[in-house]
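Secondary and tertiary structure notes
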Amino acid sequence: MSAAENPSLRNPGPPSRATGKLWFFRLFTALIIPALLLFGLEGGLRLIGFGRSAKFLIPDDRPGWYRTNPEYVSLFLPGSFDLRPLNQRVAARKPSGTVRIVVLGESAAQGIPAPAFAFAPQLRALLRARYPDKTIELINTGVVAINSHVVYQIARDLAGFEPDLYVVYMGNNEVVGPYGPGCSYLSQMWPRWLIRLNVTLRGSRTGQLLSAITAKLASRGAAAPEWGGMAMFMDHAVRGDDPRLETVYRNYEANLRDIVRVAEGAGTPTVICTVVSNLKDSPPFLSLPRADQTDAERASWQRAFAEGRLAWKLGENDTARAQLEEAWRLDPGYADTAFMLGTLEQQAGHAAAARKYFLAAQQWDALRFRPSPRLNEIARQVARDFSSVTLVDAALELGSDPLSAGDMVGRDLMFEHVHPDWEGNQRIARLMADGIERALFAGRPGRGTWLDPEQIAAAIGYTPVERFGVLQRAALITGHAPFSNQLTYAADQARDARALAAAETVRRDPAALQRAHQVVRAAAASDPDNPELAKLEVELADDLGHLADALDQVRRTQALQPDNYALAADEAIKLARLGRFAEAEQRLFATAANCTPRELAKMTPAIADFFTRSKRFADGRIWFDQALARRPASLALRFYRGRLAQLAGDPVAAETDTRAVLDADPRNEAALEALVALLTAQGKTKEAEDISVAHAGFQPDNQANFFRAAQIHEARGDQAGAAQALIGAARCGPVPIPLRLRTANLLYGLKRRDEALDQLADAWRISRDDGDAETAASIRELIRRIRAQAPR
């Protein structure tokens, strides 16, 4: 019925009181009641102790102190990754005379691969010497794999702890970190307000309950994903022209501005440091071809690129340049081509052209682990817009910016793509120290002088002996994918192996160990509250065979840091090695009873070590039986129960447990190696061989298994399988030249001529770099003969 037909519909008049009450009741039931229920649920969960704090710092066992929250990162990344902040303790009230500096950032700020020698401890040493009348406290909040979305939250949490200065060094993970388009576990490109709402909800007890329920339903008994490093992102490419990058840049700028506003709200100035990346010695991780090429264009590009790459590897620069320029013309977005042209321009002395190509290679690298220059320009703009901000332009000063003058950043300053080595960290720390002096002390110098690099090394205990451990940890990063995709991977691995061998020689020298111990003890005497120096003393005392001293230093470390499962396990191992088994048992199992499932998994080697050293194999198996009854899904418990069964002379039980671990997790290298050894010892050679071959595809980083699989394939007459296994081995790290030559021979026999030449080119470059002129010459002659033949 229309209004014309019914005049009462033309002007319905004011709502009746009853209608208003009905409207209010509906609103109340739709909004207020659910909100009250949620608040009640949240309060109830907190009351019963469910969930964990969403704060970066949580109360410590020591009254009046806080500690870094070991569970903090699991609010943003899967908890099974077990990525943690550095283990630090912070006084709730800043002591008088203390300058409290908060470092914000990601893995480069944390100091990967060796936080004890990164720019943060170097910066602290510089400031302590420059301002001896001040107590310099530096809180390093850098964490692996996070980005500005997380850093902003950390800045908010630290604002209540009386910081005197924020130092920001971030930008490497904006694409691959949480909520970035290249993230492998949380890539939603939501609006920033929705990201922050999601963070708030995930941090609530209610959100944690829902997440736990969702994860349990989704997993359905499957093993939780473990942190796989940069290899996890291989399937999450983001091209240089991806429109989502604009959202990344906007979010980074908004988060950085909000960090500065948080600092200003706390009455704190900020130092923003642009981030440095390796331009000239870090080839792209992933190059993607044009999607719109015709078949003819693709064929022409492939010929030019393949010939150009081979000539480039062999140092035939004129041929390489001609072919690569043609490949670049056909596909001006293929990152590897740009990188090779950059090296050719650099060798020709054309610095500007080289920089242009290197920057293009970085821009078109589809695995975006290096920051775009655009992010550093945003940082500069933010610094210009806030009077409370001091800019430290490390990217410009050290040579990784488009406007930098002089040498470009390479392996002289970086371990790999973004993590500085000792020299790189030292130069960044020195630039930051100048910026902090301007920001905090109005440019007025302190009573002391700046330390030189040797003095910094002495102050934080960095000696030639420590270089071996640093290089070892760096090799754990660079030895696997995606580094194995890089053009220079073979040569880089061979060079790193030479450096490791030289450093290991120093590490084994008793005189060098004694000198290092003296340096570290002197540093600890002048900086007695530094837990990192205590840890260095543990390592050196261990290497020198001074077990009692090592135990003392472990306990000193525990007094200087919040206690955790790793410190407890270390103490227990030292006690067991000294034969003090009762003390070791008490410490170990008191800790195990209270740690999380992930921590217990990490403690299992120490627990197995205890039962092995004390020769209590039966007791050990009983303990592991009981632990598995409580946590039947723990593969670590099952694996080490199997190890104890083997030591107790029960190969059947050992095989059962080891096989169960490998069936549940085919990527488990330790389980594969243990099972193969068990089967071989029992005479089950054929079964051991079949398992080894079958698991090669599941374990791309297991070089030992690839070598074994290659021998098995060759013995069975499978030349293609042998070649593929040897190629897999070469992608796991350095391999001897004879094995590269064998790989090339197999490939050539299989009519895979181009792949054979590529293997030979790598072998030639490694031999040349090793100074083995005779082998290099013979390989070069072999290459000449193959190229002279018609392609097979």
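Our subject is the structure that appears above.
Structural notes, computed from the coordinates. (Residues numbered from 1 in each chain as written. Predicted model: local features only at pLDDT ≥ 70, side-chain atom pairs only at ≥ 80, totals over all residues. Heavy atoms only, no water.)

Things to note about the overall build of the chain
To be explicit about the condition: The helix count covers DSSP runs of H or I at least four residues long, the strand count covers runs of E at least two residues long, and both are numbered beginning at the N terminus. Our radius of gyration looks at C-alpha atoms and nothing else; its globule reference is 2.2 Å times the residue count to the power 0.38. Using a 1.4 Å probe on the protein chains alone, a residue whose accessible area is under 20% of its type maximum counts as buried, one over 50% counts as exposed, and one in between counts as partly exposed. Using a 1.4 Å probe, the Shrake-Rupley method yields the accessible areas, and only the shown protein chains count as cover for residues. His residues and chain termini do not enter the charge count, which takes Lys and Arg as positive and Asp and Glu as negative. Here the site of a charge means NZ on Lys, CZ on Arg, CG on Asp, or CD on Glu.
Helix and strand counts for the chain come out as 33 helices and eight strands. Against the globule reference of 28 Å for 792 residues, the chain gives a C-alpha radius of gyration of 30 Å, in line with a compact fold. In the chain, buried positions account for 51% of the 792 residues. Summing over all exposed atoms, the chain offers an accessible surface of approximately 35,200 Å²; the carbon and sulfur share of this is 55%. Separation of charge centres in the chain, based on 96 positive and 93 negative side chains, amounts to 4 Å.

Section: the packing of helix H22 (residues 581-592) against helix H23 (residues 597-613)
Helix packing for two helices is described by the angle between their axes and how far apart those axes are. Put simply, the test is: Axis lines are fitted to C-alpha atoms, over the contacting stretch for helices. Their N-to-C directions set the angle, which ranges from 0 to 180 degrees. Oblique is the label for any angle not covered by the other classes, which are roughly parallel (under 35 degrees), roughly antiparallel (over 145) and roughly perpendicular (65 to 115). It is the rotation of the near helix from the far one that decides the hand of a crossing: anticlockwise by less than a right angle makes it left-handed, clockwise makes it right-handed. When checking whether two residues touch, look at their non-hydrogen atoms; a contact exists if any pair is within 4.5 Å. As a working rule, the residues Ala, Val, Leu, Ile, Met, Phe, Trp, Tyr, Cys and Pro are called nonpolar, Asp, Glu, Lys and Arg charged, and the rest polar, with Gly in that last group.
Contact pair H22 / H23: the axes reach a minimum separation of 11 Å and the direction vectors enclose 160°. Comparing their axes, H23 and H22 come out roughly antiparallel. In the crossing of H22 with H23, the sense of the turn from one axis to the other is left-handed. Here H22 contributes Phe581, Ala584, Glu585, Leu588, Phe589, Thr591 and Ala592 to the contact with H23, which in turn contributes Leu600, Met603, Ala606, Ile607, Phe610, Phe611 and Arg613. Split by residue class, the contact of H22 with H23 holds eleven nonpolar, one polar and two charged.

Observations regarding empty space enclosed by the protein
Once rolled over the atoms, a probe with the size of a water molecule shows which space is left empty. To keep things clear, this is the line we draw: As defined here, a cavity is a set of points on a 1 Å grid over the protein atoms alone where a 1.4 Å probe fits but cannot get out. A pocket is an open set with protein on both sides within 12 Å along at least five of seven lines, and residues line them when an atom is within 4 Å of a point. Grid points are joined across faces, edges and corners, and a volume is the space filled by probe spheres set on the points.
With the rule as written, the count across this model stands at seven cavities of 30 Å³ or more. Roughly 80 Å³ of internal volume is contained in the largest cavity. Contributing to the lining of the largest cavity are Gly171, Asn172, Glu174, Val175, Leu245, Val248, Tyr249, Arg368, Arg370, Pro371, Ser372 and Leu375. With three residues, the top contributor of residues to the lining of the largest cavity is helix H7 (residues 244-265). Its residues assigned to classes, the lining of the largest cavity shows six nonpolar, three polar and three charged.

Some thoughts on the sheet that holds strand E8 (residues 389-392)
The strands that make up a sheet are held in pairs by hydrogen bonds between backbone atoms, and each pair lies either parallel or antiparallel. Note the cut-off: Here, any two strands with at least 2 DSSP bridges between them count as paired.
Within the open sheet, the five strands sit side by side as E5-E4-E6-E7-E8. Their pairing is parallel. Strand pairing shows two members of the sheet lacking a second neighbour, strand E5 (135-140) and E8, which therefore form its edges. The average angle at which neighbouring strand axes cross in this sheet is 20°, direction not considered. Summarising the sheet, strand E4 (residues 98-105) and strand E6 (residues 165-169) pair through five bridges and their orientation is parallel. Bridge assignment links Val103 to a residue of E6, and that residue is Val167.

Some words on the side chain of Asn425
Condition: In protein, a polar contact means a hydrogen-donor-capable atom and an acceptor-capable atom, both N or O and within 3.5 Å, with residues adjacent in sequence counting only if both atoms are side-chain atoms; elsewhere, any N or O pair within 3.5 Å suffices.
Within the element layout of this structure, Asn425 appears in helix H14 (residues 422-441). A polar contact is formed between the side chain of Asn425 and the backbone nitrogen of Phe119, at a distance of 3.2 Å. In contact with Asn425, not counting residues within four places along its chain, are Phe117, Ala118, Phe119, Gln122 and Pro420.

Here's the deal with the packing of helix H9 (residues 317-330) against helix H10 (residues 335-347)
Relative to each other, H9 and H10 sit at 140°, their axes nearing to 10 Å. What the angle tells us is that H9 and H10 run oblique. By crossing handedness, the relation of H9 to H10 is classed as left-handed. Contact residues: H9 offers Asn317, Ala320, Arg321, Leu324, Glu325, Ala327 and Trp328, while H10 offers Thr337, Ala338, Met340, Leu341, Leu344, Glu345 and Gln347. Of the residues assigned to the contact of H9 with H10, the class counts are eight nonpolar, three polar and three charged.

Some words on the side chain of Glu537
By the secondary structure assignment, Glu537 is in helix H19 (residues 531-543). Glu537 sits in the buried class, given a relative accessible area of 5%. If we skip the residues at most four places from it in the chain, Glu537 touches His517, Val520, Arg521, Ala524, Gln553 and Arg556.

Here we look at the packing of aromatic side chains
Basically, it comes down to this: Any pair of Phe, Tyr and Trp rings, taking the six-membered ring for Trp, is counted once the centres come within 6.5 Å. Such a pair is stacked with planes under 30 degrees apart, edge-to-face with planes over 60 apart, and tilted for the rest. Lysine and arginine charges are scored as sitting over a ring when NZ or CZ, respectively, is within 6 Å of the ring centre and within 35 degrees of the ring normal.
On inspection of all chains with the given rule, the structure shows 23 aromatic pairs. Between Trp301 and Tyr334, the ring centres sit 4.7 Å apart and the planes meet at 70°, which makes this aromatic pair edge-to-face. Taken together, the residues span a long stretch of sequence, with Trp301 in helix H8 (residues 295-313) and Tyr334 in the loop between H9 and H10 at a distance of 33 residues. Judged on exposure class, the residue Trp301 and its partner Tyr334 are both buried. Ring centres of Phe581 and Phe610 lie 6.3 Å apart, and the angle between their planes is 65°; on these two criteria the pair is classed as edge-to-face. Residue Phe581 is found in helix H22, and its partner Phe610 is found in helix H23; the two are separated by 29 residues along the sequence. The ring of Trp65 is capped by Arg62, whose NZ or CZ atom sits 5.4 Å from the centre of that ring.

Details of the pattern of salt bridges
What counts is decided by this rule: By definition here, a salt bridge exists when the distance from a side-chain nitrogen of Lys or Arg to a carboxyl oxygen of Asp or Glu is within 4 Å.
For the structure on display, the rule yields 76 salt bridges. Arg495 is paired through a salt bridge with Asp496; the nearest N and O atoms lie 3.2 Å apart. The salt bridge partner of Arg768 is Asp769, with a shortest N-O separation of 3.2 Å. Take Arg768: its relative accessible area is 40%, and that puts it in the partly exposed class.

Describing helix H25 (residues 635-647)
This is how the line gets drawn: Working rule for helices: expected span equals 1.5 Å times residues minus one.
Given a rise of 1.5 Å per residue, 13 residues ought to cover 18 Å, and the 19 Å separating the end C-alpha atoms of H25 matches this to within 8%. Taken together, the buried positions of H25 are Leu637, Phe639, Tyr640, Arg641, Gly642, Leu644 and Ala645.

Details of the pairing of E5
The buried fraction of E5 is high, at five of six residues. As defined by bridge partners, E4 adjoins E5 across six bridges and the pair is classed as parallel. The partner of Arg100 across the bridge, within E5, is Glu137.

Concerning the layout of surface pockets
In this structure, the second largest pocket encloses a volume near 1,100 Å³. Together, 38 residues line the second largest pocket, and Arg309, Lys313, Asp754, Glu755 and Asp758 are the ones closest to its centre. Breaking the lining of the second largest pocket down by element, the ones donating at least two residues are H8, H9, helix H17 (489-507), helix H30 (719-730), helix H31 (737-749) and helix H32 (753-770). When the residues that make up the lining of the second largest pocket are grouped by side-chain class, the tally is 17 nonpolar, eight polar and 13 charged.

Everything listed is a geometric property; what it means functionally is a separate question.
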